[in-house]
Amino acid sequence: MNQPAASQSSTMRIQSTETIERRSHRRYDMESQGITVERCGAGPQRRETLGQILDLSAMGVRVRTSDASVKVDNQIRIRIDLPAYAGIHPFVDTATGEPQPKREWVGWMAVSRVQRVGPATYELGGRLVDMEEIDRGMLGLYLSTQPLAA
């Protein structure tokens, strides 16, 4: 049987023209601060600059680099060293049993995007995959004092 027009219109869904944010954590613009990310090799002396942080969230990072060897699905061991801001340190050192503030984090970035933006310039986007929840929470608090990315 045919349903009345009023019944059919009540089942229609209204489409919103607003874009839906699919990220669970906001991105914060860090490009103007000129903070670099280091690529870590075996041993503390095996570090080289990977690139500059463009934006950062509690879950991921976007980096501008000239390293053409990085591919999607690579995992890179990185070191991020952020300055304390407004008395807030971005990470927590729990190695001694007594939590202490710290500025650096060393862990893995799972590369999910590589985009060429210039003749020898690339933007890498990836997730920070092995960050402890206490560090993720402090990084979120730290970033909430920074400007949002577009």
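Residues numbered from 1 in each chain as written. Predicted model: local features only at pLDDT ≥ 70, side-chain atom pairs only at ≥ 80, totals over all residues. Heavy atoms only, no water.

## So, the nonpolar core
- Of all hydrophobic cores here, the largest spans 25 residues; its most connected members are Ile-53, Leu-56, Ile-78 and Leu-82.
- If near-sequence neighbours (up to four positions away) are discounted, Leu-56 is found in contact with Arg-26, Arg-27, Tyr-28, Met-30, Val-61, Leu-82, Leu-128, Leu-139 and Leu-143. (Core = buried A, V, L, I, M, F, W, Y, C linked by side-chain atoms within 4.5 Å. Buried < 20%, exposed > 50% of the residue type's maximum accessible area, 1.4 Å probe, protein only. Contact = heavy atoms within 4.5 Å.)

## Here's the deal with the pattern of salt bridges
- In the structure shown here, the tally under the stated rule is twelve salt bridges.
- Between Asp-55 and Arg-27 there is a salt bridge, and its shortest N-O distance comes to 3.5 Å. Taken as a pair, Asp-55 in strand S3 (residues 47-56) and Arg-27 in the loop between helix H1 (5-10) and strand S1 (28-29) lie far apart in primary sequence, 28 residues in all.
- Residue class for Asp-55 comes out buried when judged on its relative accessible area of 4%.
- With a relative accessible area of 23%, Arg-27 lands in the partly exposed category.
- Glu-123 is the salt-bridge partner of Arg-64, the closest N and O atoms lying 3.5 Å from each other. On the criterion of sequence distance, the pair formed by Arg-64 in strand S4 (residues 60-65) and Glu-123 in strand S9 (residues 121-128) is long-range, its members being 59 residues apart.
- A relative accessible area of 10% means that Glu-123 is categorised as buried.
- Shared partners join several salt bridges into a network, and the residues in it are Arg-27, Glu-31, Asp-55, Arg-62, Arg-64 and Glu-123. (Salt bridge = Lys/Arg side-chain N within 4 Å of Asp/Glu carboxyl O. Helix = DSSP H or I, 4+ residues; strand = E, 2+ residues; numbered from the N terminus.)

## Brief notes about the pairing of S9
- Of all eight residues in S9, six are buried, a share of seventy percent or more.
- With eight bridges joining them, strand S8 (residues 104-118) and S9 adopt antiparallel strand pairing. Paired with Ala-110 across the bridge in S9 is Arg-127.
- The hairpin formed by S8 and S9 contains two residues between the paired strands. (Pairing = 2+ DSSP bridges.)

## Here we look at helix H2 (residues 133-143)
- Among the residues of H2, those classed as buried are Asp-135, Arg-136, Leu-139, Tyr-142 and Leu-143. Down the axis, H2 shows its buried residues gathered within 125° of arc, on one side only.
- Lining the buried residues of H2 we find S1, S3, strand S6 (91-93), S8 and S9. (Arc of directions from axis to C-beta.)

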